[in-house]
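Given next are the chains, with one letter for each unit.
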Amino acid sequence: MLTPSPQIISYDVREGIDPKNREPSQELAVVKDLSSYGLLTRNNYAQFMTFFAKQLAEKAKPNQRQDVAQEAQDFVFHVYSHKLGVCGVAISDAQYPSLAAHKLLGHVVGDFLAKFPASTWKDLAAASPRAELKDQIAQYQRELQQQLTQYQDPAQIDTIGQIQRELDDTKQVLHQTIESVLGRQEKLDELVNKSNDLSDMSKGFYKQARSNNRCCVLM
């Protein structure tokens, strides 16, 4: 069972505007466990984790929780979009309990919002954030890495009933696939080709995975 790897992504909460005018999503904080992948493919997987997380965040609605699976059901993106404009995305295998992943996201997002006000998010997403902020986010990510250890065995956290009560004002978790959220495979291919977040090597890696009839590269 793969423990979720959480990311904090900004997203534009404004309603009623042309999607072309929305602010692009940005990765603000992340803890990725890539130890199960070979050295040659870790960077490709890391880029695609961020790529798909950003795409899902840009389609998110405030106070929405989703479980977005790839077609083969091997990996699941657990998504919690907070009304203040940050989206927690945790990637796990399909065997990890959904409610446990969403409890983790609730803690991660709440802790992030308590430590980093919205005025800092643009700087956090910059290539070279201020030294003080850089140190703060590094410390936050170290603390987040430590918190993940208690989620390695979801049976040891809380009962399902307790977790359900902690899912704030969210009434349910939506279950979808990446294709249903982002569009059919042709749309995915177009998004990949146009992405500035992916290196040419990662795009080639994606095309090779597609030629082997694998829905996405996170297999």
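In the annotation of an unreviewed UniProt entry, the entry for the protein reads SNARE Ykt6, and the organism field reads Metarhizium rileyi. Per UniProt, the protein carries the Sequence similarities (unreviewed entry) text "Belongs to the synaptobrevin family." Quoted straight from UniProt, the Subcellular location (unreviewed entry) entry for the protein says "Endomembrane system".

Undergrad: Help me understand the overall build of the protein in this model?
TA: On a plain count of helices and strands, the protein comes out with eight helices and six strands. Overall, the protein shows an N-to-C arrangement of helices and strands of β-β-α-β-β-β-α-α-α-α-β-α-α-α. Counting only residues that meet the buried cut, the protein has 49% of its 219 residues in that class. In the form shown here, the protein has an accessible surface area of approximately 11300 Å², with 48% of it arising from carbon and sulfur atoms.

Undergrad: Any chance you could explain the nonpolar core here in plain terms?
TA: It is characteristic of soluble globular proteins that their nonpolar side chains tend to be buried jointly. Ranked by internal contacts, the top residues of the largest apolar core, which has 25 residues, are Ile8, Val86, Phe112, Phe116, Trp121, Leu124 and Tyr140. In terms of residue count, helix H2 (residues 98-115) provides more of this core than any other element does, eight residues in total. Not counting residues within four places of it along the chain, the set of residues in contact with Val86 comprises Ile8, Ile9, Ser10, Tyr11, Leu28, Tyr80, Ser81, Val109, Phe112, Leu113 and Trp121.

Undergrad: Looking at this structure, I do not really get the packing of aromatic side chains. What am I missing?
TA: Here the distance between the centres and the angle between the planes together describe a pair of aromatic rings. Throughout the structure, instances matching the rule amount to six aromatic pairs. Pairing Phe51 with Phe52 gives two aromatic rings, centres 5.2 Å apart and planes at 70°, and the pair type is edge-to-face. For Phe52, a relative accessible area of 1% corresponds to the buried category. Ring centres of Phe116 and Tyr140 lie 5.8 Å apart, and the angle between their planes is 85°; this geometry places the pair in the edge-to-face category. Taken together, the residues Phe116 in the loop between H2 and helix H3 (121-124) and Tyr140 in helix H4 (residues 131-147) connect sequence positions 24 residues apart. The exposure classification of Phe116 matches that of Tyr140, with both residues buried. Taken together, Phe112, Phe116, Trp121 and Tyr140 form an aromatic cluster joined through their ring pairs. One Lys or Arg, Arg65, reaches over the ring of Tyr80 and ends 3.8 Å from the middle of that ring.

Undergrad: What is the right way to read the pattern of salt bridges from this model?
TA: Where charged atoms from two side chains of opposite charge come close, those side chains can pair. If you walk through the whole model with that rule in mind, you get four salt bridges. Two residues, Arg14 and Asp12, come together in a salt bridge whose shortest N-O distance is 2.7 Å. By relative accessible area, which is 13% here, Asp12 ends up buried. For the salt bridge of Asp123 with Arg130, the shortest nitrogen-to-oxygen distance reads 2.7 Å. Overall, Asp123 belongs to the buried group, its relative accessible area being 16%.

Undergrad: Looking at this structure, I do not really get the pairing of strand S4 (residues 75-81). What am I missing?
TA: Regular strands place side chains that alternate from one sheet face to the opposite one. Extensive coverage of S4 is indicated by the burial of seven of its seven residues. Of the two faces of S4, the one carrying Phe75, Phe77, Val79 and Ser81 and the one carrying Val76, His78 and Tyr80 are both buried. Direction of pairing for strand S3 (residues 64-69) relative to S4: antiparallel, over a ladder of six bridges. For Gln64, the partnering residue across the bridge sits in S4 and is Ser81. Across seven bridges, the pairing between S4 and strand S5 (residues 86-93) is antiparallel.

Undergrad: Even after reading the chapter, I still don't get the environment of Thr50, so can you show me in this structure?
TA: Structurally, Thr50 is set in helix H1 (residues 39-58). In this structure, the C-alpha to C-alpha distance between Thr50 and Ile9, residues 41 residues apart in sequence, is 8.9 Å. In terms of polar contacts, Thr50 uses its side chain to reach the side chain of Glu27, at 3.0 Å.

Undergrad: Would you explain the pairing of strand S1 (residues 5-10) in this entry?
TA: Within S1, six of the six residues are buried, leaving the element largely enclosed by the surrounding structure. The alternating pattern of S1 places Ser5, Gln7 and Ile9 and Pro6, Ile8 and Ser10 on opposite faces, both of which are buried. Alignment of S1 against S5, held across six bridges, turns out to be antiparallel. Pairing of Ile8 across the sheet is with Gly88, part of S5. As judged from the three bridges shared by S1 and strand S2 (residues 27-30), these two strands associate in the antiparallel manner. Across the sheet, the residue bridging to Gln7 is Val30, located in S2.

The rules behind the values
Think of each chain on its own: its residues are numbered from 1, step by step along the sequence as written. Per-residue local features are limited, in this predicted model, to residues with pLDDT of at least 70; the limit for side-chain atom pairs, both in listing and counting, is 80 or more; totals at the level of whole chains, interfaces and linings are taken over all residues. Excluded from the side-chain calculation are hydrogens and water; included are all heavy atoms of the structure. UniProt positions are given in the numbering used here, feature names are shortened, and annotations may be inferred rather than shown by experiment. To qualify as a helix, a DSSP run of H or I must reach at least 4 residues; to qualify as a strand, a run of E must reach at least 2; elements of each kind are numbered from the N terminus. Throughout, exposure labels follow a simple rule: accessible area from a 1.4 Å probe, protein chains only, divided by the maximum for the residue type, with under 20% read as buried, over 50% as exposed, and the rest as partly exposed. Surface exposure here means Shrake-Rupley accessible area, sampled with a 1.4 Å probe, where a residue is shielded only by the protein chains that are shown. Among the buried residues, those of types Ala, Val, Leu, Ile, Met, Phe, Trp, Tyr and Cys that are joined through side-chain atoms within 4.5 Å form a nonpolar core. Two residues qualify as a contact provided that any one of their heavy atoms is within 4.5 Å of a heavy atom in the partner residue. Aromatic contacts are taken between Phe, Tyr and Trp rings whose centres are within 6.5 Å, Trp giving its six-membered ring; a plane angle under 30 degrees counts as stacked, one over 60 as edge-to-face, and the others as tilted. Both a distance and an angle decide whether a charge sits over a ring: NZ of Lys or CZ of Arg must be within 6 Å of the ring centre and within 35 degrees of the ring normal. The rule for a salt bridge is simple: a side-chain nitrogen of Lys or Arg has to be within 4 Å of a carboxyl oxygen of Asp or Glu. Note on pairing: two strands pair once DSSP finds at least 2 bridges between them. Polar contacts, as counted here, are pairs of nitrogen or oxygen atoms within 3.5 Å of one another; within protein the pair requires one atom able to donate a hydrogen and one able to accept it, and residues that are adjacent in sequence qualify only if both atoms are side-chain atoms.

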